[in-house]
Structure formats: structure tokens, C-alpha cells
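Listed here are the chains, written in short residue letters.
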Number of protein chains: 2
Amino acid sequence: MTDVLPTAPSTEPAHPSVVIALDVGGTGIKSALVRPDGSTHHSERHPTGADRGPAAVVETILTVAEGLAGRARADGLAPVAVGIAVPGVVDQAAGVAVWSANLGFRDVPLRDLVSERLGLPSALGHDVRVGGIAEARLGAGRGDRYVLFTAIGTGIAAALTIDGTAFVGAHGAAGELGHIVVRPDGPKCGCGQVGCLEAIASAAAVGRRYTALAGSGSTGDRVSAAEVVRRAAGGEELAVRIWQETVDALADGLLIAQALYDPAVVVVGGGLAEAGDDLLVPLRTALRARLTFHREPRLVPAALGDEAGCLGAALLALDTIGDLETGSAAHIP
Amino acid sequence: MTDVLPTAPSTEPAHPSVVIALDVGGTGIKSALVRPDGSTHHSERHPTGADRGPAAVVETILTVAEGLAGRARADGLAPVAVGIAVPGVVDQAAGVAVWSANLGFRDVPLRDLVSERLGLPSALGHDVRVGGIAEARLGAGRGDRYVLFTAIGTGIAAALTIDGTAFVGAHGAAGELGHIVVRPDGPKCGCGQVGCLEAIASAAAVGRRYTALAGSGSTGDRVSAAEVVRRAAGGEELAVRIWQETVDALADGLLIAQALYDPAVVVVGGGLAEAGDDLLVPLRTALRARLTFHREPRLVPAALGDEAGCLGAALLALDTIGDLETGSAAHIP
């Protein structure tokens, strides 16, 4: 990993390097120019416009990346690589966005498209997995070798990092914490299984279950998970019950992750993690109550918030050019 | 990894090297002299005598290892390292058998004890994890990068190997497939949890459940899992039902392992795997029926049988001396 700028002795390089990083989500694109030490020089947000179809989304990605390259040069910086994070199934080695429901992507060779358009080395990664890399190297997992990053939002996903590198699995599909069955008699999951953790404990599932059970007294609008947390904190009976069910299901899922992965620390991120101690305190208690021979992981909130994906994309780009970067030091006056 | 003997050009070394390998189980010790290419020169079995207490077991291990060193020299071979595999909790980096119920071990610095007695570099590993290494490099997992080895016997354990190296986790406790909860309303497990896979689908659990349900008609002796498999194949109603419950629980467990680890191949070993196609054929069907977005792993029988642990201990020893071995080539006439 390159973590310092290559410098000639006692002089600053004429054009300090930056990488271009994009975290492409279903509704918005977070993008930034990131220095080799992980600090951000400049950031921008753009709408994804996924309703325009996948070709238009790809064009937007390329245009945003090009715009950032221009911005870097205007600021006297040298853009040296591009990192892109997308949701769904990603073949990182091939640089292909294999499948993404949110973006309408199916086998899009995004890494090569970006490389060709910008003339820069590029890398493509999975949004949660690069978020995990960022939390492990720069965020709440710093200092531990085995870090499990969990993103609990509309869905639930996880990424195990070992020494700051994501564990991807044979088909790039490892870390599907949201789709382990914790309630064999539970609700149907979007994936087709029954009782997946995501079907019970995602922010979407919490809001949906509360709204359904609150029944005719409700206005018909779906109550958000954040509102359920607030009402539970206020002692409302239904909200308390649903929040406890959610915490219990998450503890069951984390116990399984502990048995198979044995992480030192579990970093909890995503929208539901904004509940802070209202989530972490009961979740620690519920997990501790379930441990038998397992060692207890530290359970900590994510430190990088919704910047994790963009920073992770930058780290992926920096990894890609690690050798190149070091080699190029000789050319700097 | 060293996989060829160091040789001077066009000559055989005067004393070809071997490693001393021991797989220490609750009842027996499998031991062997293994060549750097993984082939066995000589093997021996000894009783563990665990009832004599841990100090006596350690002394037996040292004596067996010394005996093998003597045998190697008598055969004109040079013993260059020792590898030991034990069950329980093993700190491989420290070379300490942290805890083993079967052997009565508690914080035994076995690696250093062996090194001191034999004057050779030594390595200590976890029995299932080194078995996984052997199956991944020399057995049924050859050619795949992500291999999940499962040992289904008295208990259930698993080891994921990545490029032939075992994934150990932050506390050396990864791979506890037997202790993931698949039946929240299921039987109590020895670990203290309820509904663990091991409490339903281990050979011990299968025999126990059948015997309990067969009731007064039985002689009072416990029916073995192998006998349950035979009776199920013969169409006996109770045996058929219990075997299907077992297969279903294993499929649920493997589905979770697939979601988190995403292996290319699952190697099924241990006593229950001796059921062969009576286990693998329905297990493939049950797993396939549960897959939604997951990729299907190849499900194959272990190839090395009960030699896997001993061969894995040898591989661990060879890994330890990899550099040394190459360096020593210069000293061979």
C-alpha cells in the first residue's frame, strides 16, 4: 500500500498525485479526489439517474470521472488512477459489474471503459467490500487484522477484511450476512429464501413490520426504522417489541459470523447504525448472552459514515498503482 | 511450499529429507515419515492413552516423534522438521495447544517441547485445519483456490483454505460450522447453545436420536449412525426420517457457509462421510433446492480419509522449513 507521496529529497513534487474515486449508488454518486494518504482534496455528489437505463448511467460515471480529472489538473494535481465502487455482484479481478438490480447493470466491463476514456489505470470494487477496506484501514477497524464490516440499511451485507484486504470468495460472493437464515419459520426474503436476516433486521424490514402491525391506527405511510427506534426509546410497546426482535435477529446473525469468521472486531455501519447506542448497547448484550465457547468481538460503530465507499474506491485505486507509483518517483524533478 | 528435494546437479542427495508427522487424536496417534513431495515413506499408529493424563500424553508424543527420527536415520533419511496436529483450540502462531477436552491439554507449549527434545524445527496445528490443508493441496480440493473442508464425525468442524493455507481467524477459532444454530427450537448442544448443527447432524447425534426414538423395541445399545444409514437405505421409516432431517440440517449449514465463505468446493470428510453417495447425493439435492442467488459449490467426498490430519501435519512442517530447505541445498554433496 502506498501511503506517502513519492518525493525527491527535500523537494515537493511539482504535481502531487491524487486518485479519482466514485461510489455509485442507486440514487446518488459520491465522488472525490483523494490523496495517497487517504485524505480528501475535493468531493462532489451527483444523481445517478438510474431510471434512464444502464447505458446512461455508465456515461454519467465516465463524465463525472472525466470532470474530476479536469478539476485535479486545474488544481495543479496529477490524477494517477481511478477507483469505482458499485453495488450488486462484482467480478473485481475482471473489472466487470456482473449484476446490479439498482443500476440495471448486467456484465458491464466498467473498469476497462473507465480506463479507456480517462487513459488511467482503474479498479472496480463492490461497494460494501470497499467500504470494509476503508473502515479496516482508515476507520473503526484500524489496528485489527480480522475486521468484519456490516452495512445494515435497506439490505444487509458484510465484508470481512484480513490485513486490510477484502475476502471475496471463489465467485466474488462472500459476506452475504443478510442472506443467512436465522428464522426458519420467518418471513419470505426478496432473495427467495425464508427467514433471512435481511428479511427481519434490515431498516426496510423494521419499518415494514412496524407499519403492518400498527394497523389501522396508522396514516398508511410507512413508518421509518429511525422512527421505530425513537418510539422504542420512548417506551412504546409495539416499537419496543419490534426493536428487540431486530436486535435478537442481528445477534443470531453475528453469532454465526463469529463461529465461521472469528473476527476481532465487528464494525456496524449503514443507515440502521445511525441509531447509535440504541442499537449497539442492546446488540452487545444480546450477542454476549449467546456466546458459549466463542471469543467476543469488539462491536463498534462505523467511523467513516457514508464516505466509506468512496474512500474504499480510492484505496482500491491506490492499491492498483502501488508499484507504479513507487517506480514513478524517479521521474519527479 | 517445498515440493521437490533439493539436489545437486545430476546427483541424488546422500540423505534425502523427510518430515516427522503426528496426528494426535483422543484414542490414537497416527504418525508418519513424509517426503517433501507429500508421499509417505513409513507410517505407525500408537494408542494415545489419554486416561493417563496430559503429561503422559505429551511424553508419548515426544517418544513417538523420537522413534520416527531414529527410524528415518536408520533408513538413510534426514529428518528435517516435525509437524503435530491436535484437536481443540490451537494457537498455531505460538505453537500452543490452548485447550483440548479429549487430551486433557490446557496451554501446552507442544511445539517448543518437540523442538527441544528432537532438535528440529517444529510446527503445531489444529487437526481439522491441517486436514483441510492436506485435502486442498493433495486431495479432493486440488486445483481450487477456495476449499471448505468439513469433518462430520463425533462432532462437526470445518476449515476454509485459501490457496492451500488455512483461514484461522483472529483467535484461531474460525470454521466452527458445527456450532452455527440451524434449529432455534432444536436440541441442546454440548457447547451450551440450542439447535447447533452438531447437535442434529453429527454421527453421534444421529445415533443418539435414532436410539431414543426407536424406544423400547431396541436392545438398549446405541445404534450407530452407519447403521441408521443402512436402515434408511433399506427403507425403514424411522431411519429414513432421521436421515432426511440430518441431510436437511447439513444443507442448511452448508447454505450459510456458502453465503459467508463462497467456496468453490466443499470437501466432505469424517466418519459420516463414509456413507458415501447415501450422504452426498441427497445432500447435493437439498443444498441445490435452497440456493437462491448463491453459486453452487462442488460437493465432493474427501480423498485422503483418516490420513488427512497426518499429511496436513507433514505439510505444516514442510511449510515451516520451506526457506531453510532451499537454503540447505548448497550443503548437499
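Residues numbered from 1 in each chain as written. Chains lettered and ligands numbered in written order. Predicted model: local features only at pLDDT ≥ 70, side-chain atom pairs only at ≥ 80, totals over all residues. Heavy atoms only, no water.

Per an unreviewed UniProt entry, chain A goes by the name Glucokinase and belongs to Micromonospora pisi. Database annotation for chain A, UniProt heading Sequence similarities (unreviewed entry): "Belongs to the ROK (NagC/XylR) family." (UniProt positions renumbered as here; feature names shortened; annotations may be inferred.)

A. Spotlight on the sheet that holds strand β2 (residues 28-34) of chain A. All names here are of chain A. Strands sit in the order β3-β2-β1-β4-β8 across an open sheet of 5 strands; the sheet is mixed. Two strands in the sheet have a free side with no partner beyond their single neighbour: β3 (40-47) and β8 (122-126). The sheet shows a mean angle of 15° between the axes of neighbouring strands, taken without regard to direction. Pairing of strand β4 (residues 78-86) with β8 involves 5 bridges; the strand directions are parallel. Paired with Ala85 across the strands is Gly125, a residue of β8. Relative to the sheet, helix α1 (residues 54-74) contacts β1 (17-24), β2, β3 and β4, its axis offset from that of β1 by approximately 155°. In the packing of helix α2 (residues 110-118) onto the sheet, the strands contacted are β1, β4 and β8, and the crossing angle to β8 comes to about 150°. (Pairing = 2+ DSSP bridges. Helix = DSSP H or I, 4+ residues; strand = E, 2+ residues; numbered from the N terminus. Axes fitted to C-alpha atoms, helices over the stretch in contact; angles between N-to-C directions. Contact = heavy atoms within 4.5 Å.)

B. Local environment of the environment of His171 of chain B. Turning to its location among the elements, His171 of chain B is positioned in the loop between β11 (165-166) and α4 (198-201). Owing to a relative accessible area of 22%, His171 of chain B belongs among the partly exposed residues under this scheme. The spatial distance from the C-alpha of His171 of chain B to the C-alpha of Val90 of chain B is 9.2 Å, given a sequence separation of 81 residues. Ignoring any residue separated from it by four or fewer positions in sequence, one finds His171 of chain B in contact with Gln258, Asp262, Pro263, Ala264 and Arg295 of chain A. (Buried < 20%, exposed > 50% of the residue type's maximum accessible area, 1.4 Å probe, protein only.)

C. Up close: the sheet that holds strand β6 (residues 96-100) of chain B. All names here are of chain B. What the 3 strands build is an open sheet, ordered β5-β6-β7; its pairing is antiparallel. Edge positions in the open sheet fall to β5 (89-91) and β7 (105-108), since each of these has one partner strand only. Averaged over all adjacent pairs, the angle separating strand axes in this sheet is 15°, with direction ignored. Bridging between β6 and β7 involves 3 bridges; their strand directions are antiparallel. Bridge pairing in β7 links Ser100 to Phe105.

D. Structural detail: the relation of the copies chain B and chain A. Superposing chain B onto chain A takes a rotation of 180° combined with a translation of 0.0 Å along the rotation axis, leaving an RMSD of 0.0 Å. These values place the two chain copies in the arrangement generated by a two-fold rotation axis. When the interface residues of chain B are mapped onto chain A, 100% of them are again interface residues, pointing to one common binding face. (Least-squares fit on C-alpha atoms with pLDDT ≥ 70 in both.)

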